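One-letter residues, chain by chain:
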Amino acid sequence: MADLTPTPELPGLHVSKPSPYEPATASAVCHCGASATATGDDQVKALVDGYTANHGPAHSRR
C-alpha cells in the first residue's frame, strides 16, 4: 500500500483507525503551508472539522 501521509507537495488529510480498540490518528497538510497531527478520536475529529472549515476545500470557497 502506498504511503498516504500528506506532504507539502501532495496536501490533504489522512485519518487512520486500525481497530475499534485503538485510537484514531490523523495528519493534515494544506497547500497554504498549515499542517497538523492528532491522536485520539476526539482530537482527530477536531482536526478534521478544523481542516475542512479552514483549509483544503475551504480555500476554494473563498
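All of these numbers come straight from a predicted model, not from anything done at the bench.

(A) Highlighting the pattern of salt bridges. Counting across every chain of the model gives two salt bridges. Between D41 and K17 there is a salt bridge; the shortest N-O distance is 3.1 Å. Placement of the pair is D41 in helix α1 (residues 41–54) and K17 in the loop between β1 (12–16) and β2 (25–29), with a sequence separation of 24 residues.

(B) Up close: α1. Look at α1: 20 Å from first C-alpha to last across 14 residues, which is about the 20 Å you get at 1.5 Å a residue. Residues of α1 that are buried: V44, L47 and Y51. Looking straight down α1, one finds its buried side chains confined to an arc of 60°; they lie on one side. Along α1, exposed side chains directed more than 90 degrees from the buried face belong to D42 and K45. Its buried side turned inward, α1 meets β1, β2 and β3 (35–39). A positive phi of about 50° marks G56, the residue just after α1.

Parameters and conventions
Residues numbered from 1 in each chain as written. Predicted model: local features only at pLDDT ≥ 70, side-chain atom pairs only at ≥ 80, totals over all residues. Heavy atoms only, no water. Salt bridge = Lys/Arg side-chain N within 4 Å of Asp/Glu carboxyl O. Helix = DSSP H or I, 4+ residues; strand = E, 2+ residues; numbered from the N terminus. Expected span 1.5 Å × (residues − 1). Buried < 20%, exposed > 50% of the residue type's maximum accessible area, 1.4 Å probe, protein only. Arc of directions from axis to C-beta. Contact = heavy atoms within 4.5 Å.

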